[in-house]
Amino acid sequence: MNTTVGEPKPQTMPVVAVVLAAGFGTRFDPENPKQLVSVGGKPIVCWSIEAFERCARVSDIVVVVNSKVREEVESLIDQQGYGKVRVVIDGGAERVDSTAAALDTLVQAGIPDDAKILIHDAVRPFVAQSAIDGSIDALDQFQAATVAYASTDTVLLTQDLGDLKVVKSVPDRPNTFRAQTPQSFRFATIRKAYELAAEDPDFHPTDDTRVVVDYLPDVPVAIVSGAETNLKITTLEDIPTAERIAEQLEGFNPKEAARARMHALLAQAAGQMR
């Protein structure tokens, strides 16, 4: 059967989504891990897992968690019936440690070198299906890709001068993007980049694209169109924006939901008094 124009290409190799949910979010609320905070009526981590669960082209999902919330996350996965989640593993102290743990797990599972690996921050709960499909497609031509959103602000590159930072250069705005996730790679490529990085004592990148750019500089990283709604929830101040996005995407109204819960509690109380 021929593939129609615009229809996603069928996959002949595994497409594995790695959902990183191991951060504890001290800038958010040390007492309430942000991946478990409810937005739009469901925990943040569930939004991210569901995005890849819904994509027919994703074959497997690996969830990387902080050991302190592992039991809760595993319970959520069981309750929601996420059938593509193959394993939940503990992450590391830093983001790159969590990615490395996921890569080790995939090696042990015998994932082939040409598999497509999509690494996503769980605290970006509203990733679009178009970004996931675009990432998968980009890996047909490139060994690495990242979702990114064109910057609407002028970006300043700086350097230290005494106690202050000063402007070193101003890149042309059309060439500046805000990195998002998923960041995607052929398995052999991201494994090689991490092997080289592990030999560097100064290795402290903040995302996986940086690992490839720094340690495999001859490997181009394609840009996949992102969206402003692919928000990273970092602090409590991000929650109102996240609620608005959730309402736009699924018609969830947090005020109406709160009223409904209150009415249900009052009805239950009235029933007990009869």
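Heads up: the structure comes first, above all this text.
In this text, all values refer to a predicted model and were calculated from it rather than measured experimentally.

A. Expanded view of the packing of aromatic side chains. Counted by the stated rule, this structure contains three aromatic pairs. Ring centres 6.0 Å apart and planes at 90° place the aromatic pair Tyr194 and Phe203 in the edge-to-face group. Taken individually, Tyr194 and Phe203 each receive the classification buried, so the pair is uniform in this respect. Ring centres of Phe203 and Tyr215 lie 5.9 Å apart, and the angle between their planes is 80°; on these two criteria the pair is classed as edge-to-face. One end of the pair, Phe203, is in the loop between helix H5 (187-198) and helix H6 (208-215); the other, Tyr215, is in helix H6, and twelve residues separate them in sequence. In this structure, Phe203 and Tyr215 share a single accessibility class: buried. Through successive ring pairs, a cluster of aromatic residues spans Tyr194, Phe203 and Tyr215.

B. Structural view of the sheet that holds strand E1 (residues 15-21). Judged by pairing direction, the sheet is mixed, and its seven strands sit side by side in the order E5-E4-E1-E6-E10-E7-E11 without closing on themselves. Edge strands, defined here as strands with exactly one partner in the open sheet, are strand E5 (85-90) and strand E11 (221-225). Within the sheet, the average angular offset between the axes of one strand and its neighbour, ignoring direction, is 25°. Note that strand E7 (residues 144-150) and E11 share five bridges and pair parallel. Within E11, the residue paired with Ala148 across the bridge is Ser225. Sheet strands in contact with helix H4 (residues 129-138) are E1, strand E6 (116-121), E7, strand E10 (177-186) and E11, and its direction is about 155° off that of E11. Along the sheet, H5 makes contact with E6 and E10, crossing E10 at roughly 110°.

What counts and what doesn't
Counting restarts for each chain: residues are numbered from 1 in the order of the written sequence. Under the rules for a predicted model, residues below a pLDDT of 70 receive no local features and side-chain atom pairs below 80 are neither given nor counted, while totals for whole chains, interfaces and linings still include all residues. Derived side-chain values reflect all non-hydrogen atoms in the structure, with water molecules and hydrogen atoms excluded from consideration. The pairing test for Phe, Tyr and Trp rings, Trp by its six-membered ring, is centres within 6.5 Å, and the orientation test on the planes gives stacked under 30 degrees, edge-to-face over 60, and tilted for anything in between. Here's how the labels work: a residue is buried when its accessible area is under 20% of the maximum for its type, exposed when over 50%, partly exposed in between, all with a 1.4 Å probe on protein chains only. Runs of E in the DSSP output that reach at least two residues are strands. Runs of H or I that reach at least four are helices, and both are numbered from the N terminus. A pair of strands counts as paired when DSSP detects no fewer than two bridges linking them. Think of each axis as a best-fit line through the C-alpha atoms, taken over the contacting stretch in the case of a helix, with angles from 0 to 180 degrees between the N-to-C directions. Residues are treated as being in contact if the distance between any of their heavy atoms lies within 4.5 Å.

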